[in-house]
Amino acid sequence: MIPKSCKRLAEVDFPIAVVSAHSAREKSIRHGHPSTLHLWWARRPLAACRAMLLALLLPDPCDANCPAEFKEAARGLLGRVYRQATEAGDKALRHSLLRFIGDFANWDNSAKPAYLEVGRGLVKAAHGAEPPLVVDPFAGGGSIPLEALRLGCDAFASDLNPVACLILKVMLEDIPRHGPELADELRKVGAEIKKQAEKELSQYYPPDPDGARPIAYLWARTVLCERCGAEIPLLRTTWLAKRHNKIKKRYTKLISLGVRGNTKTKAVTLSIDRHDVPTATLPEIPSPTIANGIATCRCCPGVLSAARVRSQLIRQKGGADVVIDESGNRISGARLMAVAHRAADGLAYRLPTRRDYLAVRSAQSRTTALSDQLPFESLSPLRPSPNSRGVSGATRIGITDFGRVFTMRQKLALHVLSTIARDVESAAKRAVSLAVSKLAERSTCFVTWINSTEAPRGTFARQALTIAWDFIELVPIVGDEEFSELIDAMVEVAAQIASCCPRGGQVEQAVANEPQLPKESAQVWFTDPPYYDSVPYADLSDLFYVWLKRILQPRSLNRFADESDGWLTPKTPESTWDEAHRVDGKPKDRQFFERSLAGAFAVGRATLVDSGIGCVVFAHKSTEGWEALLSGILEAGWVIVASWPVATERTARLNAKQAAALATSVHLVCRPRPEDAGVGDWSDVLRELPNRIGDWMERLSAEGVRGADLVFACIGPAMEIYSRYSKVEDAEGREIPLGGDPEASEPHKRGFLAYVWEIVGRTALQQVLGTAEARARNGAAGALEEDARLTALFLWTHQSTSSNGASNGAAVESAEDEDAEATDEDDDEAPSGTGRKGLTLIYDVVRRFSQPLGIHLDTWNGRIIETRKGIVRLLPVKERAERLLGEDGASGVADVIERSRGGPMNYQFGFMNKAEERPAKTNGKGRKRGKSTPDEAPTVAPGTTTLDRVHIAMLLQASGKANALRAMLKAEQERGPDFLRLANALSALYPRDSEEKRLLDAMLLAVPR
Ligand SMILES: C[S@@+](CC[C@H](N)C(=O)[O-])C[C@H]1O[C@@H](n2cnc3c(N)ncnc32)[C@H](O)[C@@H]1O
C-alpha cells in the first residue's frame, strides 16, 4: 500500500505533450471507440483519463516513502513492454513509468494484452490484491470509470442525467457482464428490429421507378415575399456537392441547385446543375436565398428582414412540415429541393416528384392518428446563459415543443422503431434503446447537409438546437445505412469494451452532492464536472429522453421523474449556470453553480480514504468560470497539489474559427487539506508567485501550450501556493480572498486571482515585447505605447494550443467547416458579432489582463478594438484604413511620404487629427470613450503611435505603394528600433493564415538590410 506521505506520479510530473497528442488524435477515431455508442457532450478523451488515472494511482519512485516492493515489481513489469531494461536508479524508473503512461495513452495500444497486463500489474503492485475504488460522480459519457475498469480498478459512476446513466449502464454494466455475447445479441436484435421496421416504413420512402433508393431528402423552409407574393425557399447554400481534393488543389465533384424565379408567374423552378471537374476554380452559381437571417426573393428585388422571416416561420410553427393535397400537390410549408440516392460513382441527386410528396402525405396521415403517443413536451424559450443557447434557438421560429423538432414522417419512423424496441426482451434491450435515441439526433429538422463531404451534420454539432433554414431528412431504414450503421458501430464498441474490461462497474443515477458511498471508501476521486455554463446537459438531452421514456420504463430510467420538470430529465439539481431554470424561485446563476460544486467536492473529500487522491478536470474560457470552480474546491477542503493541461481538441472545431477557443482542459490534482493547515502570509505567497508562474509558463510553452490555454493552466501552480493554507492573511490580519474586485488596489479587496492574471500578463508581455513593456504600468520610459501592448497581449492570448505542439492560431479555416453556416442568426442575443471579421476574445479576459498592466480598454475602443456584448474584437488592419490614411487612402499617404523623401517624416497628416475628433463610440456597457478627460491619466499619445505606423506600412504594402513603403521603412529605421521590434513581435503572434501575418511578413521583406 502507498503511504499517505508518498507522492503520486501525478503530483510530480506528467507527459503533457504525448498525452495531448494521443487525446487529440483519438477524436478522429470512429471504429470501436466508446464515444460512438451514443452522443454525450464534453466527453473526456480516454487517452487523457487513462494516463491521468495511472499517474494518480502510482507512487513516485523518487519519493523517499515509495514502497521498495512497488519499485521492484514495476521494473519487472516494464520489462514486458520495453526490450531495454529500465536503468538503475529511481529517476530512471520514474522516467520509464511516465513513458509507459504516455505510450499506453495511445488508442492503438489501449487494448493490447501486453499493455493491459502491465497497466493492471502496476496498479496491483501499488495497491495490493484488493482493487482500488475509483469514483466519478459527474460521469457523463463514462470515460473516467471506463478507464478505471480497463486498469483493473473498481469503478463507481453516477450522474444526475438519465440519458447519461443509460449510456453508463450499457457501457459499464451490460457489456462487461455479458461480454462478447452482448455484441452478438445486439447484432441479432438490431437486425430483427430493422426487418420489422422496414416492413412498416418502406412504403413511406418508396424506391424510384428505376429502382434507385433515396437515402436523403433536402428540404427548405419557405416564406412569402412581402413585396410580390412569390414563395422563397430558404437555402443557406445552393451547393449540393462541393468536394475538393486538398492535395491536388482541385474540385473533384461540383453539383449545385438552380433556383430560378419567374418575375411574371412568380413560380420558382428548380434544376440540378452538374459542373465540369476537375477544376481549380468554382463556377458561378445562384446565390443562397438567405444570409444572416435575411431572405431574398427570386422573383423581384424584395428582401425580407430577419424579423419578418422569423415571424412567418412562427406562424408555420417552424415550417418543417409540408402541406400537401390529396393528389400529391404541394400547397405550402417546407419545399423538397432535391433527393439523394446512391449511384455507381457516389451520391447522385434528382429533383423531387409528386411521388415523393404522396409518400410524405401518407406518412402524415398515419402520424396524425398516432398523435397522443408522440412527443409533445415543451422547449424552454429562455437562453441558459450568455455562453450557451440550449434549446431556445428553436423557439425563435415557433418550434415550442419536441413534437415540432421532428417532421411528421421523422416522428413516424422514430415511433415505429421505439415501439418495436419497447417490446424487445433481451440483454441488449438497453443498448437497442440507445440506438433509437441516437437515430433521433439524426432525424430532426435541424440536421444539415455538409456539401464538402456529402454527409449530414447532426442536430447537436453545436451543443444547441440552432436554426437550420434548410435541412436534410435521412431515410432511417435503407440497405446497410443509418439504423444498420448505428447498430454496427455499437456492436464494434461492445466487442471492444468486452475485450478489455472483464469486470463491471457500478452505476447510479444520483445528485453529486448527496453521498452514495460510505465515508473513506475510495482510493481515487476523479471527476469532470460541468464547465460552468458551457453545456446545458439536461435541456439538450431531452431530445433523446422523449424517445427513451417511450421505450424503457420511465421509473427505471429516471428515478427523479417529476411533474415540475415536465416529466423530462431533472433540471433543478443540475450543477450548471442555467437561467432557463429556477431554484428557490431564483434563476440558476453563478452562486448556484459554486454552491452545488462545493457540495459535491465536500462529498468527494469525505468519500476518500485518508491516503487517497482527487482530480478535477475543468475548462472554461472566462476567469469567472474558473473562480467559481476554484472557490468550490477550496470551500470543500481540498488542496491543489499539481495541475496538468491536456490538449484534447482538434483545431478544426466549429467554434475555433475566429474566437479563441480553448484546446486544453486542466487536470487539477488535489489532496484533502489537513485539518491543521496553517494561516499563510500574503507577502510570502506574493513573493513565491512570479517565479512559480514564470517557470510553469516556460515548461508549458515547451509542451506546445499557448494563449488562453496557457493562462488558465497557470491557475494550477498559483493555487498550489494559495490553497495549502486554511486562509491567507496580510500583515493587518485581513484575509485575502480568492476573487474580488479586480479594480481595487488593496489585496484584501482585490483578491488573489487578480494577482495571478497580472503576473501571467506581465510575463507574457515580457516574452513578446520585452522587459520595458512588462514594467510599463503608467508608462515607463522606453516602452512601446499602450496600443502596441494591448495588441501584443491580445494576440498572445488569442494563440491556440495545438496538439502537435505547434502554435497555430485559432482563426484557421478548415475544409470541414467550410459551409458550417449555422450562425447566430437565430438568436437576438448572439454573443459575438457574427459575420464581422477579426479575432475575438472574451471581454472579461482582456479586461483582467490589461487593467493591471496600465492598459485602458476604453481608450482604444473604436480605434484598435471593438467591444460588443461581452466580446472584444481586434479590428483588422484594413478596418483602420480610413482612420489611418484618411479619405484619400493609401495613394494620398504615399504621395505625402514620397514628397517628404529625405526630410523628417512625422505622419501628422491633416486627416488624422480629424479622425481623433470623431465622436466616441460606446462599449458593451454603454460608457463613452475616446478622448481622456482631464483628470484621467493622459494615455492617448497625440499623433501616431508605433502601432499606427506599423499599420500604415501594412496598408501601403496591401495597396502596392512600394516606393512610399520603402521610404517609410527607411525613415523608421533612422527613427529607432521600435518600429521593427513591434512589427517582428506581431508577425510572430498573428495567426499563421491571417491576412495581417501575410502583410506584415511581406512588409518586413521590404525592409532595407
Ligand atoms: C463534463 S460532463 C462529464 C463528461 C464525462 N467526463 C465524459 O467523459 O463523458 C458533466 C456531467 O455532469 C452531470 N451533472 C451535472 N450536474 C450534476 C449533478 N448535480 N449531479 C450529478 N451529475 C451532474 C451532467 O449530466 C454531465 O453528464
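Predicted model only: the values in this text are computed from it and were never measured.

A. Summary view of the site of the ligand. Near the ligand you find 24 residues, and of these Arg44, Gly141, Asp159, Ala512 and Asp528 are the closest. Between aspartate 159 and the ligand, the recorded distance is 2.7 Å, taken from a side-chain N or O atom to an oxygen atom. For the ligand, the protein covers 100% of the area, taking 600 Å² as the surface of the free molecule. Along the lines of polarity and charge, the residues of the shell around the ligand split into 13 nonpolar, six polar and five charged.

B. Main features of the environment of alanine 1006. In this structure, alanine 1006 sits in the segment after helix 34 (995-1005). Classification of alanine 1006 as partly exposed rests on a relative accessible area of 27%. Sequence separation between alanine 1006 and alanine 962 is 44 residues; the distance between their C-alpha atoms is 8.5 Å. Apart from the residues lying within four places of it in its own chain, the contact partners of alanine 1006 are Leu965, Arg966 and Leu969.

C. Examining the nonpolar core more closely. Ranked by internal contacts, the top residues of the largest apolar core, which has 304 residues, are Phe14, Leu629, Leu630, Met719, Phe752, Trp796 and Met1003. Ranked by the residues each element gives to this core, the list is headed by helix 2 (residues 46-57), at 11 residues. Among all residues touching methionine 1003, those that are not within four sequence positions of it are Val950, Ala953, Met954, Gln957, Leu965, Leu969, Phe979 and Ala983.

D. Seen up close, the sheet that holds strand 31 (residues 865-868). The three strands are arranged 30-32-31 in an open sheet whose pairing can be described as antiparallel. This sheet does not close on itself; its edge strands, each paired only once, are strand 30 (840-842) and strand 31. Each neighbouring strand pair of the sheet contributes to a mean axis angle of 25°, computed without reference to strand direction. Alignment of strand 30 against strand 32 (residues 871-874), held across three bridges, turns out to be antiparallel. Looking at the pairing, isoleucine 842 lines up with isoleucine 871 of strand 32. Against the sheet, helix 25 (residues 786-798) makes contact with strand 30, strand 31 and strand 32, and its axis sits at roughly 85° relative to strand 30, the strand it touches most. Packed onto the sheet, helix 26 (residues 843-850) meets strand 30, strand 31 and strand 32 and runs at close to 80° relative to strand 30.

E. Spatial organisation of helix 25. The end-to-end C-alpha separation of helix 25 is 18 Å, in line with the 18 Å expected for 13 residues at 1.5 Å each. The element helix 25 is extensively covered by neighbouring structure, given that 13 of its 13 residues are classed as buried.

F. Layout of the side chain of threonine 797. Checked against the element boundaries, threonine 797 lands in helix 25. For threonine 797, the contacting residues outside a window of four places in its chain are Gly707, Ala708, Val711, Leu841, Val845 and Phe849.

G. Geometry of the pattern of salt bridges. One pass over the full model with this rule turns up 59 salt bridges. Each member of the salt-bridge network shares a partner with another, and the members are Arg590, Glu594, Glu627, Asp844 and Arg848.

H. Expanded view of the confidence of the model for the chain. Of all residues in the chain, 89% attain a pLDDT of 70 or more, and the chain-wide mean is 88. Confidence drops under a pLDDT of 50 for residues 803-834, and excluding neighbours within four residues, the segment shows 101 contacts in the predicted structure.

I. Spotlight on the packing of aromatic side chains. Under the criterion given, the structure shown has 23 aromatic pairs. Measuring from ring centre to ring centre gives 6.0 Å for phenylalanine 460 and phenylalanine 544, while their planes differ by 65°; the resulting arrangement is edge-to-face. Taken together, the residues span a long stretch of sequence, with phenylalanine 460 in the loop between strand 17 (455-457) and strand 18 (470-474) and phenylalanine 544 in helix 15 (residues 537-551) at a distance of 84 residues. You can call phenylalanine 460 buried: its relative accessible area is 5%. Relative accessible area serves as the criterion here: at 0%, phenylalanine 544 is assigned to the buried category. Seen in terms of ring centroids, phenylalanine 712 and tryptophan 757 are 5.9 Å apart; in terms of plane orientation they differ by 85°. Their pairing is edge-to-face. Of this pair, phenylalanine 712 sits in helix 20 (residues 707-713) while tryptophan 757 is found in helix 23 (residues 752-768), placing the two residues 45 residues apart along the sequence. With relative accessibility at 2%, the residue phenylalanine 712 sits in the buried group. Aromatic ring contacts, followed pair by pair, group Trp40, Trp41, Phe460, Tyr537 and Phe544 into a single cluster. When the ring centre of phenylalanine 446 is taken as origin, the NZ or CZ atom of arginine 221, which lies over that ring, is 5.8 Å away.

J. Representation of the side chain of threonine 222. Within the secondary structure, threonine 222 is located in strand 4 (residues 222-224). Residue classification places threonine 222 among the buried positions, given a relative accessible area of 3%. Here the side chain of threonine 222 touches glycine 333 through a polar contact of 2.8 Å, landing on its backbone oxygen. Discounting chain neighbours no more than four positions away, the residues touching threonine 222 are Glu231, Ile232, Pro233, Leu313, Gln316, Arg330, Gly333 and Arg335.

K. How the structure looks around helix 18 (residues 623-635). Relative to the 18 Å expected for 13 residues at 1.5 Å per residue, helix 18 spans 18 Å between its end C-alpha atoms, a close match to the ideal helical length. The buried count for helix 18 comes to 11 of 13 residues, which makes it a mostly enclosed element. When helix 18 is considered as a whole, its buried residues turn out to be Thr623, Gly625, Trp626, Glu627, Ala628, Leu629, Leu630, Ser631, Gly632, Ile633 and Leu634. Where helix 18 ends, the next residue or the one after it, glycine 637, has phi of about 85°, a positive value.

L. Looking closely at the sheet that holds strand 6 (residues 239-245). With respect to topology, three strands assemble into an open sheet ordered 6-7-8, the strand pairing being antiparallel. Each edge of the open sheet carries a strand with a single partner, namely strand 6 and strand 8 (268-274). For this sheet the average axis-to-axis angle between neighbouring strands, irrespective of direction, equals 15°.

M. View of the packing of helix 25 against helix 26. Closest axis-to-axis distance for the helix 25/helix 26 pair is 11 Å, and the angle between their directions is 130°. In terms of their interaxial angle, helix 25 and helix 26 are classed as oblique. Between helix 25 and helix 26 lies a crossing of right-handed hand. Where helix 25 abuts helix 26, its residues Leu790, Leu793, Phe794, Trp796 and Thr797 lie against Val845, Val846, Phe849 and Ser850. Class assignment of the residues belonging to the contact of helix 25 with helix 26 gives a composition of seven nonpolar, two polar and no charged.

Scoring rules and cut-offs
- Residues numbered from 1 in each chain as written.
- Predicted model: local features only at pLDDT ≥ 70, side-chain atom pairs only at ≥ 80, totals over all residues.
- Heavy atoms only, no water.
- Near = heavy atom within 4 Å.
- Polar contact = N/O pair within 3.5 Å; in protein donor to acceptor, adjacent residues only side chain to side chain.
- Areas by Shrake-Rupley, 256 points an atom, 1.4 Å probe, with all protein chains shown as cover.
- Nonpolar A, V, L, I, M, F, W, Y, C, P; charged D, E, K, R; others polar.
- Helix = DSSP H or I, 4+ residues; strand = E, 2+ residues; numbered from the N terminus.
- Buried < 20%, exposed > 50% of the residue type's maximum accessible area, 1.4 Å probe, protein only.
- Contact = heavy atoms within 4.5 Å.
- Core = buried A, V, L, I, M, F, W, Y, C linked by side-chain atoms within 4.5 Å.
- Pairing = 2+ DSSP bridges.
- Axes fitted to C-alpha atoms, helices over the stretch in contact; angles between N-to-C directions.
- Expected span 1.5 Å × (residues − 1).
- Salt bridge = Lys/Arg side-chain N within 4 Å of Asp/Glu carboxyl O.
- pLDDT = per-residue confidence, 0-100.
- Phe/Tyr/Trp six-rings, centres within 6.5 Å; stacked < 30°, edge-to-face > 60°.
- Lys NZ or Arg CZ within 6 Å of the ring centre and 35° of its normal.
- Parallel < 35°, antiparallel > 145°, perpendicular 65-115°, else oblique.
- Left-handed = near helix turned anticlockwise from the far one by under 90°.

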